[in-house]
Amino acid sequence: MSSSQGSTLSSNVADLVDGSSAHRDVSLLDDVPVYVKELIAGGTAGAFAKTVIAPLERTKILLQTRTEGFQSLGVFQSLKKLLKHEGIPGFYKGNGASVIRIVPYAALHFMTYEQYRVWILNNCPALGSGPLIDLLAGSVAGGTAVLCTYPLDLARTKLAYQVVDTRGGFRRGVKSICARPAYNGVKDVLTSVYKEGGMRALYRGIGPTLTGILPYAGLKFYVYEELKRHVPEEHQSIVMRLSCGAIAGLFGQTITYPLDVVRRQMQVENLQPSSQGNARYRNTLEGLSTIVRNQGWKQLFAGLSINYIKVVLLIHRIL
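Not measured: the values here are computed from a predicted model.

Describing the overall build of the protein chain
A tally of regular secondary structure across the protein chain gives 13 helices and two strands. Per-residue burial over the protein chain gives 41% buried out of 319 residues. Excluding contacts between residues fewer than 6 apart, the proportion of contacts in the protein chain whose partners are at least 24 apart in sequence is 74%.

If you want it as structure tokens, here you go:
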């Protein structure tokens with residue numbers, strides 16, 4: 001062994017003995033701002049959660065958009081059909097775009113919330129400084145985050161909408177259930193959509209999305225406070241508050257769910273076969289009325305049961 005190798009080995013052993021290497025790692029972590037640590041931790045947890053429920057989320061998109069072959073199926077029948085056509089990977093088609101979106105969405109919401117809150121306090125003193133300010137600032141911050149990351153949501157929907165018979169493809173060639181060929185990934189969706197219609201096409205469906213932000217936040221806040229008010233003081237625990245929050249969120253989702261259906265259908269309308277007779281919606285109100293007229297009012301709540309399943313699983317985990 002050479003003298004240089006011996007000195008390197010000695011220094012490494014010394015580091016292990018006195019823990020200086022570990023101290024350096026800890027000091028590096030200490031230098032990272034708290035909000036960055038929270039974003040990384042939250043992003044990791046969010047990515048894991050998105051991946052766990054990805055099969056349910058993709059099924060919901062197929063039901064909302066009345067994908068050919070899935071119009072009359074329930075949740076579990078749709079999952080079985082997806083497994084038959086695309087195998088396990090089919091459950092996660094489009095999930096990559098959702099995972100990529102988590103950190104920038106959370107970062108934008110976090111950074112803009114306080115800025116909007118201060119602006120409202122300085123320019124609208126009549127509103128006071130109570131929960132209403134938090135509600136308004138949170139809603140506007142959410143809208144900002146949605147605007148900046150919306151193309152990824154569009155890509156997620158378009159990828160999830162494409163159902164390709166990869167199982168049968170080994171025997172008779174890959175066959176797409178949809179009228180248009182499948183995209184090859186997030187980048188392919190974004191570049192193809194931009195070439196077809198520019199920036200406006202990347203934001204197709206943003207109207208109903210923004211329309212639903214404030215009503216959802218308001219309903220969730222109101223129901224949460226009402227539920228918490230009816231819980232005796234001795235039962236006011238973190239678990240109880242989380243459960244109230246989950247129920248309040250589900251109530252808000254239920255009321256604003258038709259807007260989500262309009263958004264999804266607007267996002268994939270250029271991919272839908274003409275045989276389905278889907279018209280191009282000029283705005284949110286026209287989308288709602290057209291869906292009721294052509295597809296029935298029940299279509300406005302197609303896939304809503306999946307939200308209930310997720311909340312039941314969440315509450316069960318909390319308890």
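What follows picks up the thread again.
Digging into the pattern of salt bridges
This model, assessed by the stated rule, comprises 14 salt bridges. The residue Lys228 makes a salt bridge to Glu225 at a minimum N-O spacing of 3.9 Å. Of the two residues, Lys228 and Glu225 both sit in helix H10 (residues 206-229), three residues apart, roughly one turn of that helix. A relative accessible area of 31% means that Glu225 is categorised as partly exposed. Glu226 is the salt-bridge partner of Arg229, the closest N and O atoms lying 2.8 Å from each other. Of this pair, Arg229 and Glu226 both sit in helix H10, separated by three residues, roughly a single helical turn. Residue classification places Arg229 among the exposed positions, given a relative accessible area of 58%. Taking the relative accessible area as the measure of exposure, Glu226 reaches 24% and is therefore partly exposed. What you see here is one network of salt bridges that share partners, running through Arg101, Asp153, Asp260, Arg263 and Arg264.

Let's talk about helix H9 (residues 186-202)
Over its 17 residues, H9 runs only 12 Å from end to end, short of the ideal 24 Å by more than 12%, given 1.5 Å per residue. The largest bend along H9 reaches roughly 105° and is located at Glu196. When we look at burial in H9, the residues that qualify are Val186, Val189, Ser192, Val193, Gly198 and Leu202. Close packing links the buried residues of H9 with helix H6 (95-123) and helix H7 (131-161).

Describing the environment of Leu271
If you trace the backbone, Leu271 turns up in the loop between helix H11 (238-268) and helix H12 (284-295). By relative accessible area, which is 1% here, Leu271 ends up buried. When the C-alpha atoms of Leu271 and Lys158 are compared, they prove to be 8.2 Å apart, with 113 residues separating the residues in sequence.

Considering the side chain of Gln299
Looking at the element boundaries, Gln299 is found in the loop between H12 and helix H13 (304-318). The class of Gln299 is buried, set by a relative accessible area of 9%. Ignoring anything within four residues of it in the chain, the contact list for Gln299 reads Leu63, Gln64, Arg66, Val261, Gln265 and Ile291.

Quick notes on the packing of aromatic side chains
For the coordinates displayed, the defined rule picks out one aromatic pair. Taking 5.8 Å as the distance between ring centres and 15° as the angle between the ring planes, the aromatic pair formed by Tyr150 and Tyr203 counts as stacked. Of this pair, Tyr150 sits in helix H7 while Tyr203 sits in the loop between H9 and H10, and the two are 53 residues apart along the sequence. Seen from the ring of Phe70, Lys81 lies directly overhead, with NZ or CZ sitting 5.3 Å from the centre.

Brief notes about the confidence of the model for the protein chain
Interpretation of this model should avoid reading the predicted coordinates in detail wherever pLDDT is low. Counting all residues, the mean pLDDT for the protein chain is 82, and 80% of those residues have values of 70 or more. Within the model, the stretch residues 169-174 combines pLDDT values under 50 with five contacts to residues more than four positions away or in other chains.

Examining the nonpolar core
What tends to happen in soluble globular proteins is that the nonpolar side chains get buried as a cluster. Ranked by size, the top nonpolar core spans 17 residues in total, and within it Tyr183, Val186, Val189 and Val193 carry the most contacts. Elements with a minimum of two residues in this core: H7, H9 and H10. At seven residues, H7 tops the list of elements feeding residues into this core. The contacts of Val193, once residues within four sequence positions are left out, are Leu154, Lys158, Tyr183, Gly198, Ala201 and Leu202. Formed by ten residues, the second largest nonpolar core is a distinct cluster that contains Leu62, Leu63, Val75 and Leu82.

Section: the packing of H7 against H9
Running from amino to carboxyl end, H7 crosses H9 at an angle of 120°, the nearest separation of the two axes being 10 Å. Taken together, the axis directions place H7 and H9 in an arrangement best described as oblique. Handedness of the H7/H9 crossing: right-handed. Contacts between H7 and H9 involve Tyr150, Pro151, Leu152, Leu154, Ala155, Lys158 and Leu159 on the former and, on the latter, Val186, Val189, Leu190, Val193, Ala201 and Leu202. Per-class residue counts for the contact of H7 with H9 are twelve nonpolar, no polar and one charged.

What counts as what
- Residues numbered from 1 in each chain as written.
- Predicted model: local features only at pLDDT ≥ 70, side-chain atom pairs only at ≥ 80, totals over all residues.
- Heavy atoms only, no water.
- Helix = DSSP H or I, 4+ residues; strand = E, 2+ residues; numbered from the N terminus.
- Buried < 20%, exposed > 50% of the residue type's maximum accessible area, 1.4 Å probe, protein only.
- Contact = heavy atoms within 4.5 Å.
- Salt bridge = Lys/Arg side-chain N within 4 Å of Asp/Glu carboxyl O.
- Expected span 1.5 Å × (residues − 1).
- Bend = angle between axes of the 7 residues up to and from the residue.
- Phe/Tyr/Trp six-rings, centres within 6.5 Å; stacked < 30°, edge-to-face > 60°.
- Lys NZ or Arg CZ within 6 Å of the ring centre and 35° of its normal.
- pLDDT = per-residue confidence, 0-100.
- Core = buried A, V, L, I, M, F, W, Y, C linked by side-chain atoms within 4.5 Å.
- Axes fitted to C-alpha atoms, helices over the stretch in contact; angles between N-to-C directions.
- Parallel < 35°, antiparallel > 145°, perpendicular 65-115°, else oblique.
- Left-handed = near helix turned anticlockwise from the far one by under 90°.
- Nonpolar A, V, L, I, M, F, W, Y, C, P; charged D, E, K, R; others polar.

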